[in-house]
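# Structural characterization, general
Chain by chain, the residues:
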Amino acid sequence: MSGKAKDILQIDLYGLLGIDSTATTKEIKKAYRQKALTCHPDKNPDNPKAAELFHQLSQALEVLTDAAAKAAYDKICAAKKQAEERNRKLDDKRKKIKLDLEARERQAEAQSQEEVQITRTLEEEIARLREEGSRQLEEEQRLIREQIQREREAQQAGDYTQRNSGVESFSKSSVTPKLKLKWKCKKDDETNGGYSQDILLRLLKKYGDVLNVILSSKKKGSAVVEFATVRAAELAVKNESGLSGNPLKISWLDGQPEVIAPVSQPGQFMSSQASLTNERDYESVVMMRMRQAAERQRLIEEMQREDEEEAARS
């Protein structure tokens, strides 16, 4: 390409004349005469750029009034515009990729921080449950020892009414009932199978006061709920099925009531044989309570172990 052609391609000939690319030859010549009269060197002796502008106008007239030259010029200009558009789109795409990458990095960092916080919270809750389980076991055993002592004293005094009342109070000893909830949930399900703490609370509080609802963040589809009364927990176990599209599986974790068989005849408490039988019954109840406490601790540890295994697989 000659130097003259390069110079011409650096100029917007249509813009120089102030016309459109669809202008006719007559319109091109008219625009040239108007521009040339205003920038002719003879009319602008003090403007050193007037001569250069007048020369460019002459080049524009030559090229745009020749059909072949004009077609070649238009073709090159169109190709340049297409190249500029491609570059613009490419730049936009690169910019979008860069922005998307930065956004994903920020999201991944935020998610990592959230997972660390959730993991810390779950660890604290598990430690709390384990500590409470230990305290409750000690308290249960203390209550059992005290109750046995009271029952023996009541029996020795021949107070059948007092002894029977003691049996009843023993069967209703204070234990905070806890239930374990399970439902179907995939690992990548952000909705946790449709269950949240608020939804579970709304489903369960109709049976009675709910003290706490703990969702496992490591193992989706699992939670522990603590009721204020055994009656409320019993109603929830018997009647609650959860969401229709994803039902709940509810089982006892702690505080499940047991039925103690009533004494057959009051008069039997007066005999030595009845006294021995009664003592053995209470020893059996003590063992039952201890087994329940051990089972409760085992379930808590099992839930913690399942969460740890799930975290390791992730």
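Residues numbered from 1 in each chain as written. Predicted model: local features only at pLDDT ≥ 70, side-chain atom pairs only at ≥ 80, totals over all residues. Heavy atoms only, no water.

### A short note on helix 8 (residues 230-239)
To be explicit about the condition: For every residue, the accessible area obtained with a 1.4 Å probe (protein chains only) is divided by the maximum for its type, and the residue is called buried under 20%, exposed over 50%, and partly exposed between those limits. Strands here are runs of E lasting at least two residues and helices are runs of H or I lasting at least four, both read from the DSSP assignment and numbered beginning at the N terminus. The reported arc concerns the directions from the helix axis to the C-beta atoms and nothing else. Throughout, a contact is declared for two residues whenever any of their heavy atoms are within 4.5 Å.
When helix 8 is considered as a whole, its buried residues turn out to be Ala232, Ala233 and Ala236. Viewed along the axis of helix 8, the buried residues span an arc of 100°, placing them on a single side of the element. Projecting away from the buried face of helix 8 at angles above 90 degrees are the exposed residues Arg231 and Lys238. Next to the buried residues of helix 8 lie strand 1 (178-182), helix 7 (197-204), strand 3 (222-227) and strand 6 (249-254).

### So, empty space enclosed by the protein
The following threshold applies: Cavity: a set of points on a 1 Å grid over the protein atoms alone where a 1.4 Å probe fits but cannot get out. Pocket: an open set with protein on both sides within 12 Å along at least five of seven lines, its lining residues, like those of a cavity, having an atom within 4 Å of a point. Grid points are joined across faces, edges and corners, and a volume is the space filled by probe spheres set on the points. Amino acids are sorted into nonpolar (Ala, Val, Leu, Ile, Met, Phe, Trp, Tyr, Cys and Pro), charged (Asp, Glu, Lys and Arg) and polar (every other residue, Gly among them).
Per the counting criterion, the structure on display carries three cavities of 30 Å³ or more. In this structure, the largest cavity encloses a volume near 90 Å³. When residues of the lining of the largest cavity are traced back to their parent elements, those giving at least two are helix 5 (67-156), strand 2 (210-215) and helix 9 (272-313). For the lining of the largest cavity, the element with the highest residue contribution is helix 9, accounting for four residues. Its residues placed into classes, the lining of the largest cavity shows eight nonpolar, two polar and one charged. Estimated volume of the second largest cavity: approximately 40 Å³.

### Quick notes on the sheet that holds strand 3
Rule in force here: Strands pair, by our definition, only if DSSP identifies at least two bridges between them. Axes here refer to lines fitted to C-alpha atoms; in helices the fit is confined to the stretch in contact. Angles between the N-to-C directions go from 0 to 180 degrees.
What the four strands build is an open sheet, ordered 2-3-1-6; its pairing is antiparallel. The outermost strands of the open sheet, each flanked by one partner alone, are strand 2 and strand 6. Adjacent strand axes in the sheet meet at a mean angle of 25° when their direction is disregarded. Of the pairings in the sheet, the one linking strand 1 to strand 3 comprises five bridges and is antiparallel in character. What sits directly across from Lys180, in strand 3, is Val224.

### Quick notes on the layout of surface pockets
Roughly 1000 Å³ of internal volume is contained in the largest pocket. Lining the largest pocket we find 25 residues, and of these Glu115, Ile118, Ser217, Lys218 and Lys220 sit closest to its centre. If you tally residues by element for the lining of the largest pocket, the top one is helix 5, at nine residues.

### Some remarks on the pairing of strand 2
By the bridge criterion, five bridges tie strand 2 to strand 3 in an arrangement that is antiparallel. Bridge assignment links Val210 to a residue of strand 3, and that residue is Phe227. Connecting the antiparallel pair strand 2 and strand 3 is a turn made up of six residues, with Gly221 showing a positive phi of about 85°.

### Points about the pattern of salt bridges
Charged atoms that come close allow side chains of opposite charge to pair. Quick reminder of the rule: The term salt bridge refers to a side-chain nitrogen of Lys or Arg lying within 4 Å of a carboxyl oxygen of Asp or Glu.
Tallying each qualifying case throughout the model produces 11 salt bridges. Close ionic contact of Asp100 with Lys96 constitutes a salt bridge, the shortest N to O distance being 3.0 Å. In this pair, Asp100 and Lys96 both sit in helix 5, four residues apart, roughly one turn of the helix. With relative accessibility at 29%, the residue Asp100 sits in the partly exposed group. Among the ionic pairs, Glu146 bridges to Arg142, the shortest N-O distance being 2.4 Å. Residue Glu146 and its partner Arg142 are located together in helix 5, separated by four residues, close to a single helical turn. Exposure remark for Arg142: the relative accessible area of 31% places this residue in the partly exposed category. Residues joined by salt bridges that share partners form a network here, namely Glu85, Arg88 and Asp92.

### Section: the packing of helix 3 (residues 25-39) against helix 4 (residues 50-64)
Threshold: Any angle between 65 and 115 degrees counts as roughly perpendicular, while under 35 counts as roughly parallel, over 145 as roughly antiparallel, and the rest as oblique.
For the pair helix 3 and helix 4, interaxial distance at closest approach is 10 Å and the crossing angle is 170°. With respect to each other, helix 3 and helix 4 are oriented roughly antiparallel. Contacts between helix 3 and helix 4 involve Ile28, Lys29, Tyr32, Lys35, Ala36 and Cys39 on the former and, on the latter, Ala50, Leu53, Phe54, Leu57, Ser58, Leu61 and Leu64. Within the contact of helix 3 with helix 4, the residues separate by chemical class into 10 nonpolar, one polar and two charged.

### Concerning a negative patch on the surface
We count it as follows: Residues enter patches when their relative accessible area tops 30% and they take part in no salt bridge; the joining distance is 9 Å for like charges and 5 Å for the nonpolar side chains Val, Leu, Ile, Met, Phe, Trp and Tyr. The method behind every accessible area is Shrake-Rupley, applied with a 1.4 Å probe, and residues are considered shielded solely by the protein chains displayed. None of His or the chain ends enter the tally, which takes Lys and Arg as positive and Asp and Glu as negative. Charge placement uses NZ in Lys and CZ in Arg. For Asp and Glu, CG and CD serve respectively.
Together, Glu123, Glu124, Glu308 and Glu309 make up a negatively charged patch on the protein surface. Every element with two or more residues in the negative patch is listed here: helix 5 and helix 9. One can find Glu124 in helix 5.

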